[in-house]
Amino acid sequence: MSYAQVYGQWQQDPDGFWLSAAGGIDWVKRPSKALDDSRAPLYEWFTDAQVNTCWNAVDRHVIAGRGKQPAIIHDSPVTGTKHVITYAELQDRVSRLAGALKAKGICKGDRVIIYMPMVPEALEAMLACARLGAIHSVVFGGFAAHELAVRIDDCAPKAIIAASCGIEPSRVVHYKPLLDSAIEQATHKPDFCVIFQREQEVAKLTEGRDHAWHEFQYGVEPVDCTPVEGNHPAYILYTSGTTGAPKGVVRPTAGHLVALNWTMRAIYNCGAGDVFWAASDVGWVVGHSYICYAPLIAGCTTVVYEGKPVGTPDAAAFWRVINEHKVRSFFTAPTALRAIKRDDPDGKLVPKLPTLQALYLAGERADPDTIHWAQNHLKVPVIDHWWQTETGYAIAANPLGIEHLPVKIGSPSVPMPGFDVQVLDEGGHPVSPGTLGAIAIKLPLPPGTLPTLWNAEDRFRKSYLNHFPGYYETGDAGYIDADGYLYIMARTDDVINVAGHRLSTGAMEEVLAAHKDVAECAVIGVADDLKGQSPLGFLCLNKGSNRPHDEVVKECVKLVRDQIGPVADFKRAVVVDRLPKTRSGKILRGTMVKIADGQPWKMPATIDDPAILDEITTALQSLGLAKG
Ligand code: COA
Ligand code: AMP
């Protein structure tokens, strides 16, 4: 069947399409229908089903005779170790960890925060929660204690599972002190913590609260899978929004299983026994969906890579992993390829990659230079696909497992079944092909996408549903061409994308505004050759402040690192007298971005005082920006 036929099938009978896709999942109780629209415009899927995620990701493969197949390959150049875990071993490890959690009182619906680096134990912790019907929330290791504390208070976990440390090429990341500080800052306190001690740094445990990973599991009874309702939350994953408070995206269990399983064949063209590798981190949605759940649900072998694209040890690291582990489909962010291209512009380090079928890119706009480099040197299809934490899988892609459509560079190709993507003007009317507008998806969103935000239904409606009634607002702007190909051009909110990481400039502004000398501030994302975008702060100091500007800037940089974390990559700020604003007081961030990037820009008609832009330009030029 062609892509057009498959998409057409879904359009004609969405319920039938998803019920048929549900055939790829083992159910405790099969769903009698797919969509539940009883609370529209809040939609849910497979609500009357009973199912367990861990069963589908682990146990069923052992029963099917694939117990000896590798489930996880851990390849860690930063520790110099490699390690294979078969499906049978994974079942044993996960059922034991789940047994230990259960013995300490963790039940269906309890929240568990996971704060771990790229080790198989992170996946085991996720799967153990899924086995019990507990709701995990994984927090990325590059976030600071304060961000962890915010998440602890929002989801009120009964337990936290963490590692003693993470390993970055330049330093050991001390997870345990970060965890202790986060628990101290948070109002909610977990009942207990489980600490996976790594030999690179063994952490001091807090008596009565902390348990060492192995001792915790000693002598416990392994447990079976707990069936949950189809709409039971599988996990909460926090992502950046416009304000400092992160949004807790809820992932519903059954839709997640059905949709991810469908994507493994249709988009990634992988099935049981194939090796799949997503070079991301379990702390991000790509890691949830394509390091942990989807490859395991499909019975693949997943690679857990604890290293970087360059420097561990060089720009050939990815190609070594692909060849050594016989990777079939490989997924990474454009920024990682840009880092490799910078070190190996002529592709001299790229060997033949006989097992590789395709390269998948997502997380940020894939620039044509990077795509060309990859096409020329890897000699496989390079597939850009567009998605968000909220959806959990691709909204638009080139579905290699159905049909390899012609590639249009700069476009993540076409909408996947389930997604009726439209470009709207400010009034919410669809625009004609080629016209730029807000990208929205006609409701209902398909199975597996967010039904709401954790404890924040109002915010969910405000953030996604209210602006364009009947649609989900993606927060991205772009256009659709005459052939139905989508082009994602920019965000419509204050979210920026730094090295494939989604960050809120609003959150950084909140931190800067708390500095005692800062009266007002703005953060923008300026173009960066390597990371796509890089944050830059403008600081207006209090009237009385006569502190040296570089001192204040240094303190502000440290403040963002301490409050949000190194991942914010906030390294540059300038002091200015005033910020450019409209007459109604809105900061003209978009104009500042254009000036910084040396793009053509127009004087906004609503600007309060045009002279301020000269001062901004001079400040940007002092940083080597605003050229052209
Ligand atoms: N735990 C703790 N700190 C982390 C971290 C983690 N898991 N991941 C990153 N950091 C830190 C880094 O050490 C760095 O700290 P520094 O300021 O002390 O150097 C900071 O966060 C920024 O990290 P990063 O964005 O990784 O920049 P980099 O300069 O170290 O590396 C790249 C540049 C391009 C190699 C890197 O960004 C990369 O591999 N990007 C791909 C990202 C990706 O796969 N995203 C997928 C999302 S779908
Ligand atoms: P995240 O929720 O972290 O996955 O970030 C989602 C955002 O990243 C999207 O809303 C887009 O702004 C951006 N993004 C993801 N994939 C792509 C892509 N293929 N092309 C352009 N932008 C992308």
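The coordinates are above.
Since we're looking at a predicted model, the values are computed, not measured. (Residues numbered from 1 in each chain as written. Chains lettered and ligands numbered in written order. Predicted model: local features only at pLDDT ≥ 70, side-chain atom pairs only at ≥ 80, totals over all residues. Heavy atoms only, no water.)

**Q** Explain the site of ligand 2 here, please?
**A** Not every one of the 15 residues close to ligand 2 is listed here, only the nearest: Asp384, Thr389, Asp476, Arg491 and Arg502. The contact in question runs from a nitrogen atom of ligand 2 to an N or O atom on the backbone of Glu364, over 3.4 Å. Alone, ligand 2 offers 490 Å² of accessible surface; in the complex the protein occludes 92% of this. For the shell around ligand 2, a count of residues per class yields four nonpolar, five polar and six charged. (Near = heavy atom within 4 Å. Polar contact = N/O pair within 3.5 Å; in protein donor to acceptor, adjacent residues only side chain to side chain. Areas by Shrake-Rupley, 256 points an atom, 1.4 Å probe, with all protein chains shown as cover. Nonpolar A, V, L, I, M, F, W, Y, C, P; charged D, E, K, R; others polar.)

**Q** I keep staring at the sheet that holds strand 24 (residues 437–442) and nothing clicks. Help me out?
**A** Through backbone hydrogen bonds, the strands of a sheet pair up, either in parallel or in antiparallel fashion. Ordered by their spatial adjacency, four strands build an open sheet running 23-24-25-26, and the pairing between neighbours is antiparallel. Strand pairing shows two members of the sheet lacking a second neighbour, strand 23 (421–424) and strand 26 (486–491), which therefore form its edges. Taken pair by pair, the neighbouring strands of this sheet meet at an average axis angle of 50°, ignoring direction. In terms of strand pairing, strand 23 meets strand 24 through four bridges, oriented antiparallel. Along strand 24, the bridge assignment pairs Val421 with Ile441. (Pairing = 2+ DSSP bridges. Helix = DSSP H or I, 4+ residues; strand = E, 2+ residues; numbered from the N terminus. Axes fitted to C-alpha atoms, helices over the stretch in contact; angles between N-to-C directions.)

**Q** Even after reading the chapter, I still don't get the pairing of strand 31 (residues 572–575), so can you show me in this structure?
**A** Consecutive side chains of a regular strand alternate in pointing toward one face of the sheet and then the other. Sheet topology note: the strand 30 (residues 532–541)/strand 31 ladder contains four bridges and is parallel. Among the inter-strand pairings, Leu536 is bridged to a residue of strand 31, identified as Arg572. Once you follow strand 30 into helix 16 (residues 549–563) and on to strand 31, the crossover reads as right-handed. (Right-handed = clockwise from strand over helix to strand, strands pointing away.)

**Q** For this particular structure, what's the right way to read the sheet that holds strand 18 (residues 329–332)?
**A** A sheet is described by the order of its strands in space; here seven strands give the open sequence 5-4-17-16-18-19-20, paired in mixed fashion. Sheet topology places strand 5 (81–86) and strand 20 (382–384) at the edges, where each strand pairs with a single neighbour. Shown here is a sheet whose adjacent strand axes are inclined to one another by a mean of 20°, direction ignored. Bridge count between strand 16 (residues 275–278) and strand 17 (residues 301–305): three bridges; the pairing is parallel. Bridge pairing links Val275 to Thr301 in strand 17.

**Q** Whenever I open this one, the site of ligand 1 confuses me. Can you help?
**A** In the neighbourhood of ligand 1, 22 residues make up the surrounding shell, with Glu168, Arg171, Lys531, Arg561 and Lys571 lying closest. The protein chains hide 83% of the 940 Å² of surface that ligand 1 would expose on its own. Of the residues assigned to the shell around ligand 1, the class counts are nine nonpolar, six polar and seven charged.

**Q** Help me understand the environment of Gln12 in this model?
**A** Mapping Gln12 onto the fold places it in helix 1 (residues 3–12). We classify Gln12 as exposed; its relative accessible area is 72%. Distance from Gln12 to Asp314, taken between C-alpha atoms, is 50 Å for residues 302 residues apart in sequence. (Buried < 20%, exposed > 50% of the residue type's maximum accessible area, 1.4 Å probe, protein only.)

**Q** I keep staring at the pattern of salt bridges and nothing clicks. Help me out?
**A** Going through the model one piece at a time under the given rule, you end up with 38 salt bridges. A salt bridge links Arg491 to Asp493, with the nearest nitrogen and oxygen atoms 2.7 Å apart. A salt bridge links Asp562 to Lys558; the shortest N-O distance between them is 2.6 Å. Residue Asp562 and its partner Lys558 are located together in helix 16, separated by four residues, close to a single helical turn. With a relative accessible area of 52%, Lys558 lands in the exposed category. One connected set of salt bridges, linked through shared partners, spans Lys516, Asp517, Arg547, Glu551 and Glu555. (Salt bridge = Lys/Arg side-chain N within 4 Å of Asp/Glu carboxyl O.)

**Q** Would you mind going over helix 6 (residues 145–155) with me for this structure?
**A** An α-helical turn contains 3.6 residues, so any two residues separated by three or four positions project in the same direction. When we look at burial in helix 6, the residues that qualify are Ala145, Glu147, Leu148, Ala149, Arg151, Ile152 and Cys155. On its buried face, helix 6 is in contact with strand 6 (111–115), strand 7 (135–138), strand 8 (159–163), helix 7 (175–185), strand 14 (233–239) and helix 16. Just beyond helix 6, the residue with positive phi is Ala156, at close to 45°. (Contact = heavy atoms within 4.5 Å.)

**Q** Before we go on, may I ask you to explain the packing of helix 3 (residues 53–66) against helix 10 (residues 285–297) in this structure?
**A** The description of two packed helices rests on the angle between their axes and on the distance between the axes. With their axes 8 Å apart at the nearest point, helix 3 and helix 10 run at an angle of 55° to one another. Put simply, helix 3 runs oblique to helix 10. The handedness of the crossing between helix 3 and helix 10 comes out as left-handed. Contact residues: Thr53, Asn56, Ala57, Arg60 and His61 in helix 3; Tyr293, Leu296 and Ile297 in helix 10. Class assignment for the residues of the contact of helix 3 with helix 10 results in four nonpolar, three polar and one charged. (Parallel < 35°, antiparallel > 145°, perpendicular 65-115°, else oblique. Left-handed = near helix turned anticlockwise from the far one by under 90°.)

Keep in mind that these numbers describe shape and distance, not what the molecule does.
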